[in-house]
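Listed below are the residues making up each chain.
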Amino acid sequence: MLNFQLVRLEDKDFFHKYLWQQGMYGCDNSFANYFIWQEAYHTEWTCYRDALLVKSEHWGKNYFMVPLGMKPEDYRPVADALLEYNGGTLNFDGVYENHLPVIKAMFPDAVITDDLDNTDYIYLQKELASFAGRKFHGQKNHLNAFYRAHPDASYEPITKSNAAECLDFALNWCDVQSAKDITILDEKLALQKAFQYFNELEFRGGAIRFNGKIQAMSLGEKYLDDIADLHFEKADRNVRGLYVAMCQAFAANAWNDVIYLNREEDMGIEGLRTAKQNLHPVMLWKRYSAVIK
């Protein structure tokens, strides 16, 4: 019988041993995502026949990540153990292209479908840092309008001296938005944990201050040598160009040591999808789901 346990901070190096072997740009390749969203999704893990198994719970149903670190001779025993644990059916989330042969080998009858709402949008850091070129004409207009309207606006990194103020801003943003979408309360829990373990998770953060207060913030981590995952970005929606300014300033000031920035998925939200597409991703990191009955 498999014995799952909570994801703890001290598991970071163990997870990295498996995640970094994949060399994948998907945001599920980040230990921090498992750790900070644990309360929302009840994320747990175990190791079986040297394979890392991770499960979460959504709406009363277990979802599993594709087992990592398996040898081909372990496919069948690991598959049998998962089926026994979950009563003969399985749902897999976060299945990337290079996972498909593994899923098909383990479960030949798996029903695999595109998970377009959870495709990661990946951008060139140098493009978001500059918004140079005609294709970014719209963003440049919003950016210029913002700085004309708010000449006192300035970027600052998130440090010990301003972290509490940045967190307060982000939590207040969540409180306002949760009136329209109750699931944002899950994001509130993740934000609190991200700030609590900011240094241990090797996060980097940035904020924009004007009129004497923080009015936008962003938080991310470098999870492979050439890419960072931007976990959170919050700004006052009523201020024209503020989101664009936060995007550009964070890219320019915090991420000069990477080539790519992963701004994660659009969750099927039409406005968010349009905004991400308008930033001109250099690649889309596709995800699939798999069901075994």
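Higher on the page you've got the structure.
In this text, all values refer to a predicted model and were calculated from it rather than measured experimentally. (Residues numbered from 1 in each chain as written. Predicted model: local features only at pLDDT ≥ 70, side-chain atom pairs only at ≥ 80, totals over all residues. Heavy atoms only, no water.)

Engineer: Talk me through the nonpolar core; I want residue IDs and the actual numbers.
Structural biologist: Grouped burial of nonpolar side chains is what soluble globular proteins tend to show. F15, I36, M217 and L219 are the most contacted members of the largest nonpolar core, which has 37 residues in total. At the level of elements, helix 1 (12-22), helix 2 (31-36), strand 3 (51-58), helix 8 (163-177), helix 9 (184-196), strand 9 (203-210) and strand 10 (213-224) are the ones that each hand at least two residues to this core. The element that contributes the greatest number of residues to this core is helix 8, accounting for seven residues. Discounting residues that sit within four places of it in the chain, I36 has contacts with L189, A190, K193, A194, L201, F203, H231 and F232. (Core = buried A, V, L, I, M, F, W, Y, C linked by side-chain atoms within 4.5 Å. Buried < 20%, exposed > 50% of the residue type's maximum accessible area, 1.4 Å probe, protein only. Helix = DSSP H or I, 4+ residues; strand = E, 2+ residues; numbered from the N terminus. Contact = heavy atoms within 4.5 Å.)

Engineer: I'd like a rundown of empty space enclosed by the protein, residues and numbers included.
Structural biologist: For the coordinates displayed, the defined rule picks out one cavity of 30 Å³ or more. The computed volume of the largest cavity comes to approximately 50 Å³. Taken together, Q22, M24, D28, Y34, M65, V66, L68, G94, Y96 and H99 make up the full set of residues lining the largest cavity. Here the residues of the lining of the largest cavity sort into six nonpolar, three polar and one charged. (1 Å grid on protein atoms, 1.4 Å probe; cavity = no way out; pocket = protein on both sides within 12 Å on 5 of 7 lines; lining within 4 Å. Points joined across faces, edges and corners; volume = space filled by probe spheres on them. Nonpolar A, V, L, I, M, F, W, Y, C, P; charged D, E, K, R; others polar.)

Engineer: Please set out the pattern of salt bridges residue by residue, giving values where relevant.
Structural biologist: In this structure the tally under the stated criterion is 21 salt bridges. In this structure, a network of salt bridges that share partners links the residues D28, D120, E265 and R287. (Salt bridge = Lys/Arg side-chain N within 4 Å of Asp/Glu carboxyl O.)

Engineer: Which residues make up the packing of helix 8 against helix 9, and what values do they have?
Structural biologist: For the pair helix 8 and helix 9, interaxial distance at closest approach is 9 Å and the crossing angle is 170 degrees. Here helix 9 runs roughly antiparallel to helix 8, going by the angle between their axes. When helix 8 is examined against helix 9, the residues A163, C166, L167, A170, L171, W173, C174, D175 and Q177 are found in contact with a partner set consisting of I184, K188, L191, Q192 and F195. (Axes fitted to C-alpha atoms, helices over the stretch in contact; angles between N-to-C directions. Parallel < 35°, antiparallel > 145°, perpendicular 65-115°, else oblique.)

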